[in-house]
Amino acid sequence: MASAFQRWLRRAWLPFGLSLAVLVAVLMSGAARADVDMGAADLNDAPDEDRVMIATIDASLAEHWEREGVEQAPLASDGAFLRRVSLDLIGVAPRVAEARAFLADPSPTKRSELVQRLLASPRHAEHMATVWRQRLLPEDDSFGARNSSAGVQNWLRDRFARNVRYDNLAYDLLVSTNGDQLGPAYYFAAHELKPEKLAANATREFLGVSLECAECHDHPFTDWKQDDFWAFAAFFARVRTDDGGMGEVAMRTGRPLRITDAEVGELTPPDYEAAVPPRYLGGGEPGDSPYESRRMQLALWMAERDNPYLARAAVNGLWRQLFGKGLVEEINADGAHLPDDHAALLDELSDWFVDSGFDLRRLMGVLAQTEAYQLASHGSEGQKVAPGAVGHFAAMSPKTLTPEQLYDSLARIAPAPNYGNGSMGGAVLFDPQRDAFVSKMRSAAEDRREFGGSTLQALYLLNGDTIARVTNPELPGAVAALKAPFYSNRERVESLFLATLSRPPLEEERTAALGYLEKNGQGSDLPAALSDLLWALLNNAEMAFEP
């Protein structure tokens, strides 16, 4: 547990954005100000520790595979790795030139160098902000919700761009009171300031504990009781807005919203006869303090270095983002996570994450450079993977592209008018065409390893305006460029495969495509033939997945 001095330091300085470690460094050195921005350069400052952690993960998984008798998949091809890591780290497939350069690069370290380049890209912050916005906000396409989404997205993007410590990010979101911080304020407004909604989201996303079931009854599969849920929700019972409402006016109009804490206010759950006092997960109650609201005390508890949930949930969540499923399904404070196959690895990786200064970008770099992340999603010579391999991380599970990833990748093939205006990194909120596409293509499946597309969505891709625009030879884009007479058909085919699937065509694919262009693309028919070929590639199942 943290000492009383450590707790005092944290309470005094965390609200100003300084971690305990940074603060101690400042005090010892006499420096006037420490920068919490760890930045891309820090990835190079501690390569030895990173390499040790990568080797530890690989050794742990290899030992597990041997123990379970699981056959490991071969390494993914360069094209598959490039497509996967680009979509995972910056949310978009690579450009043709990037794919061509990467595939031609003979360097044995090109994969690690690519990971670091992508993490330093402005698109990385935009992509992470999109991922976290979707985790933090309820799904809602109303105008007010879109306003709040933009506020939260911008606030998150700024934090990820500066690589703010993850514990500080969680703290800042939960304790914000200033009206100029629209992100945190809109987070509370999006959940209607309801303690039960805020509790369900905060425990799931920041602590890795799903308490929703316990809102109505004791959890059927864990030890969490209904009292645990409402005692956690009670931390938010005094949250108010400066206008006395739920924040809906601010969300609709975009005006600044100030979150405050009332001096009194208790939470009496439905069917309870008395109010439930606030209590941390696993026990312990906040004290009465004239200086710290209940919400602030909760955030401080969550951001403690030795909090048993925060770091583990961050590591498990990022692992799930990259691998499709977490190392464990249930996080427990005593380390008895379930299932227990990789419980020890989760704890070791979480300790490293804490020691790194809760550096989420560095953690992502470590995971993306493990051998497990670079494995193929198929067996040798393209055969199916061995039974159980995906479940044991001995082969990569293909993941469906999110609507945002798909639209932004299509925009690289043929940019929509005004695409990328007004936002760093190119991906934009309030782009009407992007919004319409995302709304139509949104899937009900929460697990990206499951394909949740509908018949209507398939028809929209086949016949909708987005694919029609991308394949239109009269509009700026790949087809218009490839009409140029100095290209050979062989170069055209290869470029279309690289633009869509991030790999060159297989020999039989090349033969079929060249045959089609030879038969249907003579003279003035070439643009239409190229358009047809691109349309076929865009509607190929491979286009909809990360390999």
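Residues numbered from 1 in each chain as written. Predicted model: local features only at pLDDT ≥ 70, side-chain atom pairs only at ≥ 80, totals over all residues. Heavy atoms only, no water.

1. A few points about empty space enclosed by the protein
Taken as a whole, this structure holds two cavities of 30 Å³ or more when the rule is applied. Taken as a whole, the largest cavity encloses approximately 50 Å³ of empty space. As for the largest cavity, its lining consists of Met 128, Trp 132, Arg 135, Tyr 166, Ala 313, Ala 314, Gly 317, Leu 318, Gln 321 and Leu 360. Considering each element in turn, the lining of the largest cavity owes the most residues, five residues, to helix 16 (residues 310–323). Split by residue class, the lining of the largest cavity holds seven nonpolar, two polar and one charged. (1 Å grid on protein atoms, 1.4 Å probe; cavity = no way out; pocket = protein on both sides within 12 Å on 5 of 7 lines; lining within 4 Å. Points joined across faces, edges and corners; volume = space filled by probe spheres on them. Helix = DSSP H or I, 4+ residues; strand = E, 2+ residues; numbered from the N terminus. Nonpolar A, V, L, I, M, F, W, Y, C, P; charged D, E, K, R; others polar.)

2. Side note on the layout of surface pockets
If you add up the space inside the second largest pocket, you get close to 480 Å³. Forming the boundary of the second largest pocket are 19 residues, of which Ser 77, Ala 80, His 378, Arg 503 and Glu 542 lie nearest the centre. Every element with two or more residues in the lining of the second largest pocket is listed here: helix 5 (78–90) and strand 4 (545–546). The element that contributes the greatest number of residues to the lining of the second largest pocket is helix 5, accounting for three residues.

3. Focus: the packing of helix 8 (residues 122–136) against helix 12 (residues 195–207)
A pair of packed helices can be characterised by two numbers: the angle between their axes and the separation between those axes. One way to put it is that helix 8 packs onto helix 12 with a least axis distance of 10 Å and a crossing angle of 145°. Every residue of helix 12 that contacts helix 8 at Trp 132, Arg 135 and Leu 136 is listed here: Asn 201, Arg 204, Glu 205 and Phe 206. (Axes fitted to C-alpha atoms, helices over the stretch in contact; angles between N-to-C directions. Contact = heavy atoms within 4.5 Å.)

4. With respect to a nonpolar patch on the surface
Nonpolar side chains collect at one region of the surface, where Leu 456, Leu 459, Leu 462 and Trp 535 lie side by side and expose about 380 Å² of accessible area between them. In this structure, Leu 462 sits in helix 21 (residues 455–463). Looking at Leu 462, the relative accessible area reads 33%, which means it is partly exposed. (Patch = residues over 30% accessible without salt bridge, like charges linked within 9 Å, V, L, I, M, F, W, Y side chains within 5 Å. Areas by Shrake-Rupley, 256 points an atom, 1.4 Å probe, with all protein chains shown as cover. Salt bridge = Lys/Arg side-chain N within 4 Å of Asp/Glu carboxyl O. Buried < 20%, exposed > 50% of the residue type's maximum accessible area, 1.4 Å probe, protein only.)

5. Structural notes on helix 8
With 15 residues, helix 8 ought to run about 21 Å at 1.5 Å a step, and its terminal C-alpha atoms sit 21 Å apart, in line with that. The buried count for helix 8 comes to 12 of 15 residues, which makes it a mostly enclosed element. Those residues of helix 8 lying buried are Arg 123, His 124, Ala 125, Glu 126, His 127, Met 128, Ala 129, Thr 130, Val 131, Trp 132, Arg 133 and Leu 136. At the N-terminal end of helix 8, a side-chain oxygen is found 3.0 Å from the backbone nitrogen of Arg 123, two or three residues along, and the residue is Ser 121. (Expected span 1.5 Å × (residues − 1). Polar contact = N/O pair within 3.5 Å; in protein donor to acceptor, adjacent residues only side chain to side chain.)

6. Digging into the pattern of salt bridges
One pass over the full model with this rule turns up 31 salt bridges. In this structure, Arg 51 engages Asp 48 in a salt bridge whose closest nitrogen and oxygen atoms are separated by 2.5 Å. Here the residue Arg 51 and the residue Asp 48 both occupy positions in helix 4 (residues 47–68), the gap between them amounting to three residues, near one helical turn. Close ionic contact of Arg 412 with Glu 98 constitutes a salt bridge, the shortest N to O distance being 3.5 Å. Taken together, the residues Arg 412 in helix 19 (residues 403–413) and Glu 98 in helix 6 (residues 96–104) connect sequence positions 314 residues apart. With relative accessibility at 37%, the residue Glu 98 sits in the partly exposed group. Through salt bridges that share partners, Asp 88, Lys 399, Arg 448 and Glu 546 make up one connected network.

7. A closer look at the side chain of Arg 510
By the element assignment, Arg 510 lies in helix 25 (residues 507–520). With relative accessibility at 9%, the residue Arg 510 sits in the buried group. Residues contacting Arg 510, with those up to four places away along its chain left out, are Arg 490, Glu 494 and Pro 505.

8. What about the packing of aromatic side chains?
Here a ring pair, both rings aromatic, is described through the centre-centre distance and the interplanar angle of the planes. Within this structure, the stated rule accounts for 21 aromatic pairs. Consider the rings of Tyr 187 and Phe 188, whose centres lie 5.5 Å apart with planes at 80°: the pair is edge-to-face. As far as the burial class goes, Tyr 187 and Phe 188 line up, both buried. The lysine or arginine in question, Arg 84, covers the ring of Tyr 373, its NZ or CZ lying 5.7 Å from the ring centre. The aromatic ring of Trp 132 is capped on one face by Arg 135, whose charged end is 3.9 Å from the ring centroid. (Phe/Tyr/Trp six-rings, centres within 6.5 Å; stacked < 30°, edge-to-face > 60°. Lys NZ or Arg CZ within 6 Å of the ring centre and 35° of its normal.)

9. Thoughts on the environment of Ile 90
Note that Ile 90 resides in helix 5. Leaving out residues up to four positions away in the same chain, Ile 90 has contacts with Val 85, Leu 118, Ser 121, Arg 123, His 124 and His 127.

10. Description of the confidence of the model for the chain
Here the chain averages 86 in pLDDT, while 87% of its residues score no lower than 70. With pLDDT under 50 throughout, residues 1–44 is counted as low confidence; its partners more than four residues away or in other chains account for 60 contacts. Across residues 422–427, confidence stays below pLDDT 50; counting only partners more than four residues off in sequence or on other chains, it has 15 contacts. (pLDDT = per-residue confidence, 0-100.)

11. Comments concerning unusual backbone geometry
The omega torsion across Leu 338 and Pro 339 is -15°, close enough to zero to call that bond cis. Looking at where Pro 339 falls in the secondary structure, it is placed in the loop between helix 16 and helix 17 (343–355). Positive phi is not limited to glycine here, since Leu 193 has a value of about 60°. Looking at where Leu 193 falls in the secondary structure, it is placed in the loop between helix 11 (182–190) and helix 12. In this structure Leu 193 comes out as buried when scored by relative accessible area, which is 8%.

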